[in-house]
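# Structural overview for review
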Amino acid sequence: MRDLEVAQITDAVKRLCIESNYYLGDDVKKRLQTFLNEEESPTGREVIQKIMENAEIACSEKVPLCQDTGFAVVFVELGQEVHLVGGDFTQAIHEGVRQGYQEGYLRKSIVGDPLERKNTGDNTPAVVYTDIVAGDRIKITVAPKGGGSENMSEVKMMAPAAGIEGVKEFVVDRVRRSGANPCPPVIVGVGIGGTFDKCAQIAKRALLRPVGSRHPNPFYADLENQLLVQINRLGIGPQGFGGRCTALDVLIEVHPCHIASFPVAVNMQCHVARHKVIVL
Amino acid sequence: MAEPKKIVTPLSDETVEGLHIGDSVLISGILYTGRDSAHKRLIETLESGKDLPINIQGQIIYYAGPAPAKPGKPIGSIGPTTSYRMDPFAPKLMALGLKGMIGKGNRSREVIASLQQYKAVYFGAIGGAAALMAKSVVRAEIVAYEDLGPEAIRRLEVNDFPAVVVNDCHGRDLYVEGIKRYQLD
């Protein structure tokens, strides 16, 4: 067993909250540059340019890319040979979020009760997903998720007979109906299979993959490409002002499912795609 | 893209009539921030027969809740939030003289009709380009509902704040026409 102080987890989560909100990933920047060259709409090009400029400003001034600094979603892969000491594991994560959002001048966007709607004041609690894995390391991913794009997400329990055409129709239609709301250009996370809840979760996990990466299974890699082409024919364009670049990418994850079920989930992500990883 | 039009608040009917969908604008003057909770309170105030805490004559409300300001800065990152959540409240405010709204995403039929009826305009700002937009804010102060934190109403003094006309007072809609122009199926 390897002992690990939970205070280290707090420090790591704090840092990742701040860094993910200040620095746009190189994968997204690279893809924006490609679409800037390909966008036919002059307004669309102007928007992409401003988005790229925004990333430069956020980086140099160390301020958040977007005022919606998100719900702190934390994915943990905890090695089964790690022995956590010095406190409560989940509380250590919440404390990291609390410190990160305070010290990083990030907006506190969480209400403690969905109906009462009183702000918790420190952006806690985080949403935490923990997997126990082999080894003696702990991998932490912090992925702050904005509300505008999250609100355009959906899970649909389809009939298995709907097949691949059903998936395509649902995903493309979800993007079409979202219009300008999720701040296009978007990244479309798609979950296929699992249960109702698992499906939504893998759609979110898909968003942790780099833009431009492809599913290891060539069938799904091809589906990612097809969906991207179809979505970029919709004409929504950057910020919905009309144009070619509606999605930067489509990322799919799949999971086995029940003989009666065929869940499909779309988790929409705006161009401010935030996720940072650390291994302790 | 054509040179952006420079406009100054408060907006006159003539200024609003001169704006058309797709126009890129640079706004200077005053913007008031307000989103979900602030709108709810504004309308409750009206319904109880009291005066609004801000004078909205000719003014623009920016649907935004900023990130906290770093020391020495007037405001933190400040981009638009999604506008449809303010749709139930917007026509009442336009009837009282509100001339503009800045946000992102589609408006309801009622809001679009009110833009024509009261000669008002809906601008789209770039969602996510919040650090860039903060740079056009010269001064900011909370003028109502401080307890709402990021949702409090702030009076922003802005210089060349960038936006695009999405719904003009002539009944046109960039979200509809822009997509029609570029869709391939």
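Note that residues are indexed from 1 along each chain, following the sequence as it is written. Lettering for chains starts from A, numbering for ligands starts from 1, and both go in the order in which the items are written. Totals for whole chains, interfaces and linings use every residue, but because this is a predicted model, local features are given only for residues with pLDDT of at least 70 and side-chain atom pairs only at 80 or more, for both listing and counting. Hydrogens and water molecules were not included; the side-chain quantities draw on all heavy atoms of the structure.

Whether two residues are in contact is decided by their heavy atoms: any pair within 4.5 Å suffices. Of the residues lining the interface, 42 residues belong to chain B; the matching set on chain A comes to 42 residues. Every case where a carboxyl oxygen of Asp or Glu lies within 4 Å of a side-chain nitrogen of Lys or Arg is listed as a salt bridge. Our count for the contact surface shared by chain B and chain A stands at 2 salt bridges. Across the pair E61 of chain A and K135 of chain B runs a salt bridge whose closest N-O atoms are separated by 2.4 Å. Between N or O atoms, a polar contact is any pair within 3.5 Å; within protein, one atom must be a potential hydrogen donor and the other a potential acceptor, and residues adjacent in sequence are included only when both atoms are from side chains. Remark: the boundary between chain B and chain A carries 16 residue pairs in polar contact (both at pLDDT 80 or more). Sort the elements by how many residues they give to the side of chain B that touches chain A and helix α6 (residues 174-182) of chain B lands first, with 5 residues. Under the grouping applied here, Gly and all other residues not named as nonpolar or charged are polar, the nonpolar ones being Ala, Val, Leu, Ile, Met, Phe, Trp, Tyr, Cys and Pro and the charged ones Asp, Glu, Lys and Arg. Classifying every residue of the side of chain B that touches chain A gives 24 nonpolar, 11 polar and 7 charged. In this text, helices come from DSSP runs of H or I with a minimum length of four residues, and strands from runs of E with a minimum of two, each type numbered from the N-terminal end.

Looking along the chain, the bond that leaves T124 of chain A and enters P125 of chain A is cis, with omega of 0°. Relative to the elements of secondary structure, P125 of chain A occurs in the loop between α4 (89-103) and β4 (127-133). In this model, T9 of chain B is joined to P10 of chain B through a cis peptide bond whose omega is -5°. Mapped onto the elements, P10 of chain B comes out in the loop between β1 (5-8) and α1 (13-17). Non-glycine residue K119 of chain B carries a positive phi angle of around 55°. On the secondary structure map, K119 of chain B appears in the loop between α4 (109-118) and β5 (121-124).

Right, let's get into the packing of aromatic side chains. All names here are of chain B. In summary, the pairing rule links any two rings of Phe, Tyr or Trp, Trp by its six-membered ring, whose centres are within 6.5 Å, and it sorts them by plane angle into stacked for under 30 degrees, edge-to-face for over 60 and tilted for everything else. The final tally for this structure, using the stated rule, is 5 aromatic pairs over all chains. A centroid spacing of 5.0 Å and a plane angle of 70° characterise the contact between Y62 and F161, whose relative ring orientation is edge-to-face. With a gap of 99 residues between them, Y62 in strand β3 (residues 60-62) and F161 in strand β7 (residues 153-167) connect regions that are remote in the sequence. Just as Y62 is buried, F161 falls in that class too. Only Lys NZ and Arg CZ are tested; either one counts as a charge over a ring when it is within 6 Å of the ring centre and within 35 degrees of the ring normal. Cation over ring: R41 sits above Y145, and NZ or CZ is 5.2 Å from the ring centre. Cation over ring: R107 sits above Y122, and NZ or CZ is 4.8 Å from the ring centre. Only protein chains enter the area calculation, which uses a 1.4 Å probe; residues under 20% of their type maximum are buried, those over 50% are exposed, and those in between are partly exposed.

Here we come to the domain arrangement of chain A. All names here are of chain A. Parsing chain A into structural domains produces domain 1 (2-20 + 65-145) and domain 2 (148-273). Every contact between the two is made by 10 residues of domain 1 and, on the other side, 12 residues of domain 2. When domain 1 packs against domain 2, the two sides together hide about 820 Å² of surface, and 67% of this comes from carbon and sulfur. Here's the idea: put two parts together, see how much 1.4 Å probe accessible area each one loses, and the total over both is what we call buried area. When the buried area of domain 1 at its contact with domain 2 is split by residue, F75, Y129 and K145 rank highest and sum to 63% of it. Here domain 1 is connected to domain 2 by 2 salt bridges. When the shortest N-O distance is used, the salt bridge between E150 and K145 registers 2.9 Å. Residue ranges assigned to each domain were obtained from an automatic or database domain assignment.

All names here are of chain A. Two strands pair if DSSP finds at least two bridges between them. Strand order across the open sheet formed by 4 strands is β4-β2-β5-β10, with mixed pairing between neighbours. Edge positions in the sheet fall to β4 and β10 (276-279), since each of these pairs with one other strand and no more. Adjacent strand axes in the sheet meet at a mean angle of 15°, parallel and antiparallel pairs treated alike. The sheet contact formed by strand β5 (residues 138-145) and β10 spans 4 bridges and is antiparallel. Across the sheet, the residue bridging to T141 is V277, located in β10. Axis angles are defined between N-to-C directions and span 0 to 180 degrees, where every axis is a line fitted to C-alpha atoms and, for a helix, only to the segment in contact. Here helix α1 (residues 6-22) sits on the sheet in contact with β5 and β10, set at roughly 40° to β5. Lying on the sheet, α4 is in contact with β2 (71-79), β4 and β5; it crosses β2 at an angle near 140°.

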